[in-house]
Amino acid sequence: MLSRRVAVAAYTASMRPIRSPTRSPLITMTAMVQIVRSYADRVVKVPQMAESISEGTLKQFFKGIGERVEQDEEIATIETDKIDVAVNAPEAGTIKELFVGEEDTVTVGQDLLTIKLGGSSSVDNKKDAAPKEAATDNATKSEPEPEPEARQTQTREGTPKPESQPKSRSEQKEQPQSSKKPREAAQPEPTTTSSSSSASGNREERRIKMNRMRLRIAERLKQSQNTAASLTTFNEVDMSNIMEFRKLYKDDVLKKTGVKLGFMSAFSRAAVLAMRDIPTVNASIEGPNGGDTIVYRDYVDVSVAVATEKGLVTPVVRNVESMDLIGIERAIADMGKKARLTEDQMLS
């Protein structure tokens, strides 16, 4: 009788549901907020800049789409007329979309990018998948290859037939070479269009767009030049060495080359050496609205004043950087002769 009561009590105890402890509503709400935030997106806007500045140029993105960013990590930089503004990530997540590109003009409050909160980046997933693929490749390589049926027949029948013998290494090398010859013959020969340019000298130019700060400085300097009075200064230069050099060698140079050695070649050569050390001396500003691009020239052209019957003209000597003193003097003399010719003489 006692054993039957114990069995009934054990059965009823096993059938009763186990009640979980009641959770606080506040804890449940916090967990739900975290789950919702993990699937939410956050739009990052252009932050406030310095006073009286409402726009700037987005210079660079430090993170791309699919890359992971941490909270307060710098993701972009904006260049203004006065300072560079850093754009930091408000929360950790993955960059989902970029609304603007580099070198675009942005305003305060404009949407820059979207961050998907939580999760891991696609770049990290690719990195994790790469070792797995490498491990599978190594496993397949380590598996022994099954022996071909030809080897089994060779071991059974003895020596293989001459048709099934593998080709020697020399024959294998000759075969790809012969296959490459028709391809090489079919390819057209490259045309040399730079022969005329190489004969006249190097005429390359490098164009570099100015940043906003440098552009604003150039505008202010030009405004001051147009409105304020400018002063020209003169510096004295010791020419005794050049004068002694000309005195010693002018007769020999005239006899051997027929060129009169003057001072213009020395001035031009000194200008060329100065432009090599300081390329901005030979640069110019081009572009719309007063110019926004600096053009650096790798060549030097010198304009020389020549007095003619109609007045003063300034012919240009090209590529002076590739000439020596005698070559510069000869080019200046030739330009002077051409400048003094009349229209009829030039046509004839």
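Further up the page is the structure itself.
Source: prediction; values computed, not measured.

Brief notes about helix α9 (residues 264-277)
Argument step 1. Helix length check: α9, at 14 residues, gives a terminal C-alpha distance of 20 Å against a target of 20 Å (1.5 Å per residue), a fit within 8%.
Argument step 2. Of the positions making up α9, those classed as buried are Ser265, Ala266, Ser268 and Val272. Considered in projection along α9, the buried side chains sweep an arc of 165 degrees and stay on one side of the axis.
Argument step 3. The inward-facing, buried residues of α9 contact α8 (240-257), β12 (302-303) and α10 (325-340).

Concerning the environment of Phe267
Argument step 1. With respect to the element layout, Phe267 can be found in helix α9.
Argument step 2. Judged by relative accessible area, which is 45%, Phe267 ranks as partly exposed.
Argument step 3. C-alpha of Phe267 to C-alpha of Ile242: the two residues are 25 residues apart in sequence and 10.0 Å apart in space.

Notes on the sheet that holds strand β2 (residues 55-61)
Argument step 1. With respect to topology, four strands assemble into an open sheet ordered β5-β4-β2-β7, the strand pairing being antiparallel. Both outer strands of the open sheet, β5 (84-88) and β7 (105-107), are each paired with one neighbouring strand and no more. For this sheet, the mean inter-axis angle between neighbouring strands, taken without regard to orientation, is 40 degrees.
Argument step 2. Across four bridges, β2 lies against strand β4 (residues 74-79) in antiparallel orientation. Directly across from Leu58, in β4, lies its bridge partner Ile78.

Let's talk about the pattern of salt bridges
Argument step 1. One pass over the full model with this rule turns up 17 salt bridges.
Argument step 2. The residue Glu70 makes a salt bridge to Arg68 at a minimum N-O spacing of 3.7 Å.
Argument step 3. Here Arg207 makes a salt bridge to Glu205, at a shortest N to O gap of 3.7 Å.
Argument step 4. Overall, the relative accessible area of 52% leaves Arg207 in the exposed class.
Argument step 5. A relative accessible area of 35% places Glu205 in the partly exposed class.
Argument step 6. In the salt-bridge network here, residues are joined through shared partners; they are Glu55, Asp81, Arg212, Arg216 and Glu219.

Structural notes on the packing of aromatic side chains
Argument step 1. Considering all chains together, one arrives at one aromatic pair under this definition.
Argument step 2. Between Phe245 and Tyr249 the ring centres are 5.1 Å apart and the planes differ by 45 degrees, which places this aromatic pair in the tilted class. You can see Phe245 and its partner Tyr249 sitting in helix α8, four residues apart, about one turn around the helix.
Argument step 3. Judged by relative accessible area, which is 35%, Phe245 ranks as partly exposed.

Definitions and cut-offs
- Residues numbered from 1 in each chain as written.
- Predicted model: local features only at pLDDT ≥ 70, side-chain atom pairs only at ≥ 80, totals over all residues.
- Heavy atoms only, no water.
- Helix = DSSP H or I, 4+ residues; strand = E, 2+ residues; numbered from the N terminus.
- Expected span 1.5 Å × (residues − 1).
- Buried < 20%, exposed > 50% of the residue type's maximum accessible area, 1.4 Å probe, protein only.
- Arc of directions from axis to C-beta.
- Contact = heavy atoms within 4.5 Å.
- Pairing = 2+ DSSP bridges.
- Axes fitted to C-alpha atoms, helices over the stretch in contact; angles between N-to-C directions.
- Salt bridge = Lys/Arg side-chain N within 4 Å of Asp/Glu carboxyl O.
- Phe/Tyr/Trp six-rings, centres within 6.5 Å; stacked < 30°, edge-to-face > 60°.

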